[in-house]
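The chain contents come next:
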Amino acid sequence: GRGHFVIEPVSLNDVVIDLTGMLEVSISKKARMRLALAGELPAIWADATQLRQILMNLDTNASEAIGDHTGVITITTGTNDCAKEDLREAFFTEDLPEGPCVFLEVADDGCGMTPEVKARIFDPFFTTKFTGRGLGMAAVLGIVRGHRGAIRVRSEAGRGTAIRIFFPAIGKPVLEAFPPAAAEEESWTGSGLVLLVEDEPVVRDVARRMIEALGFQVIAAGDGREALAQFHRRQAELKAVLMDLTMP
């Protein structure tokens with residue numbers, strides 16, 4: 001929609017790598033993720049947070065398309081020379097300038113889409129799932145149009161889906177185009193009480209020691225009931241709660 005973008009030079013590869021850990025724990029247990037990232041990828045002008053949103057939405061859709069079957073989600077980056085004739089199958093190409101482009105593609109070998117479903121995927125609230133869904137692709141559309149990009153959707157019922165998003169390239173790899181400023185030595189230390197909620201004892205122990213090494217005090221809980229009890233007892237003292245993403 002009319003959200004405010006924070007535009008800066010961004011590497012699509014960095015966005016994918018930074019998000020891989022979260023993507024892997026959020027997809028179906030039957031799905032396997034594969035990365036095919038191009039080397040020396042040119043930078044793009046983009047809002048990295050919005051790009052993460054695109055990747056999360058596409059990855060969630062791919063996972064749901066695989067469902068209870070085993071399958072593979074492939075995330076690919078690369079470059080294209082985007083002439084208008086090369087984008088005949090793409091949507092919303094009117095704002096994409098001709099010339100070098102960078103693309104992000106999320107492909108799955110799941111259930112695929114019929115032509116009727118494919119024609120409606122960008123409609124707000126259109127969903128093949130339950131009521132209250134259907135904004136994922138509409139959000140992707142808004143973000144891509146805000147970045148002067150284009151989208152190509154290839155899908156066939158029973159044979160999977162591949163969604164490729166094109167962005168105008170700056171022309172050089174992000175580190176070459178905008179070398180980072182010399183990093184100052186960090187001596188930051190935290191303080192205060194953190195509630196750590198994690199049901200695996202080994203992970204809980206490692207996380208506790210890492211948080212304490214930053215200067216915080218830690219109280220740990222091994223399940224939801226214990227976490228709620230600790231929270232109600234020490235709520236006024238807590239600076240933060242760090243909780244396992246997929247805990248029961």
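Here, the structure is the one placed above.
Q: Describe the overall build of the protein, with residues and values.
A: A tally of helices and strands in the protein yields 7 helices and 11 strands. For the protein, the share of sequence-separated contacts (at least 6 apart) that also reach a separation of at least 24 residues comes to 74%. As displayed, the protein has an accessible area near 14,600 Å², and 53% of this comes from carbon and sulfur atoms.

Q: Any details on the packing of aromatic side chains? Residues and values, ideally.
A: For the structure shown, the criterion picks out 1 aromatic pair. Lying across the ring of Phe103, Arg164 places its NZ or CZ 3.7 Å from the centre.

Q: Describe the pairing of strand 10 (residues 217-221), and please don't skip the residues or the numbers.
A: Burial of strand 10 is extensive: 4 of the 5 residues sit out of reach of the surface. The sheet contact formed by strand 9 (residues 193-197) and strand 10 spans 5 bridges and is parallel. Bridging across to strand 10, Leu193 finds its partner in Gln217. Where the polypeptide runs from strand 9 across helix 6 (residues 201-213) and back to strand 10, its parallel neighbour, the crossover connection is right-handed.

Q: Explain the packing of helix 2 (residues 48-66) against helix 4 (residues 136-146) to me, and be specific about the residues and the numbers.
A: At their nearest, the axes of helix 2 and helix 4 sit 9 Å apart, and the two run at 150° to each other. Comparing the axis directions of helix 2 and helix 4 gives the class roughly antiparallel. In the crossing of helix 2 with helix 4, the sense of the turn from one axis to the other is left-handed. Taken together, the residues of helix 4 that come into contact with helix 2 (itself represented by Gln50, Gln53, Ile54, Asn57, Leu58 and Asn61) are Gly136, Met137, Ala139, Val140, Ile143 and Val144. Residue classes in the contact of helix 2 with helix 4 are distributed as 7 nonpolar, 5 polar and no charged.

Q: I'd like a description of the sheet that holds strand 11 (residues 238-243), backed by residues and values.
A: Strand order in the open sheet formed by 3 strands is 10-9-11, and the pairing between neighbours is parallel. Looking at the sheet topology across the chains shown, the edges are occupied by strand 10 and strand 11. Across this sheet, the average inter-strand angle for adjacent strands is 20°, counted without regard to direction. Contacting strand 9, strand 10 and strand 11, helix 6 runs over the sheet at an angle of about 165° to strand 10. Strands strand 9, strand 10 and strand 11 of the sheet are contacted by helix 7 (residues 224-234), whose axis makes an angle of about 140° with strand 10.

Q: So, a negative patch on the surface: which residues are in play, and what are the values?
A: Together, Asp199, Glu200, Asp223 and Glu226 give the surface a local cluster of negative charge. Within the fold, Glu226 resides in helix 7.

Q: Can you tell me about the environment of Gly39, naming the residues and giving the values?
A: Along the chain, Gly39 turns up in the loop between strand 2 (31-36) and strand 3 (44-46). In this structure, the C-alpha to C-alpha distance between Gly39 and Gly78, residues 39 residues apart in sequence, is 8.1 Å.

Cut-offs and rules
- Here the residue numbers are simple positions, counted from 1 along each chain's written sequence.
- Two thresholds apply to this predicted model, a pLDDT of at least 70 for residue-level local features and 80 or more for giving and counting side-chain atom pairs, whereas whole-chain, interface and lining totals are computed over all residues.
- Each side-chain value is derived from all of the structure's non-hydrogen atoms; neither hydrogens nor water enter the calculation.
- For the purposes of this entry, the term helix denotes a DSSP run of H or I that reaches at least four residues, the term strand denotes a run of E that reaches at least two, and both are numbered from the N terminus.
- Only heavy atoms matter for contacts: two residues are in contact if any of them lie within 4.5 Å across the pair.
- Exposure was quantified through the Shrake-Rupley algorithm and a 1.4 Å probe, taking into account, for residues, occlusion by the shown protein chains and nothing else.
- Aromatic contacts are taken between Phe, Tyr and Trp rings whose centres are within 6.5 Å, Trp giving its six-membered ring; a plane angle under 30 degrees counts as stacked, one over 60 as edge-to-face, and the others as tilted.
- The rule is short: NZ of Lys or CZ of Arg within 6 Å of the ring centre and within 35 degrees of the ring normal puts a charge over the ring.
- Buried, partly exposed and exposed residues are distinguished by accessible area as a fraction of the type maximum, computed with a 1.4 Å probe on protein chains only: under 20%, between the cut-offs, and over 50%, respectively.
- Only when DSSP finds a minimum of two bridges between them are two strands counted as paired.
- Clockwise travel from the first strand over the helix to the second, with the strands pointing away from the viewer, marks a crossover as right-handed.
- Orientation is described by lines fitted to C-alpha atoms, with helices fitted over the stretch in contact, and by angles between N-to-C directions that extend from 0 to 180 degrees.
- Angles below 35 degrees are treated as roughly parallel, those above 145 as roughly antiparallel, those between 65 and 115 as roughly perpendicular, and all remaining angles as oblique.
- Handedness of a crossing is defined here by the sense of rotation of the near helix relative to the far one, left-handed for an anticlockwise turn of less than a right angle and right-handed for a clockwise turn.
- Residues are sorted three ways: Asp, Glu, Lys and Arg are charged, Ala, Val, Leu, Ile, Met, Phe, Trp, Tyr, Cys and Pro are nonpolar, and all the rest, Gly among them, are polar.
- Every patch collects residues that have over 30% relative accessible area and no salt bridge, joining them within 9 Å if they carry like charges and within 5 Å if they are nonpolar side chains (Val, Leu, Ile, Met, Phe, Trp, Tyr).
- Any carboxyl oxygen of Asp or Glu within 4 Å of a side-chain nitrogen of Lys or Arg constitutes a salt bridge here.
- Residues scored as charged are limited to Lys and Arg (positive) and Asp and Glu (negative), so that His and the chain ends carry no count.
- Taken as the charge location is NZ of Lys, CZ of Arg, CG of Asp or CD of Glu.

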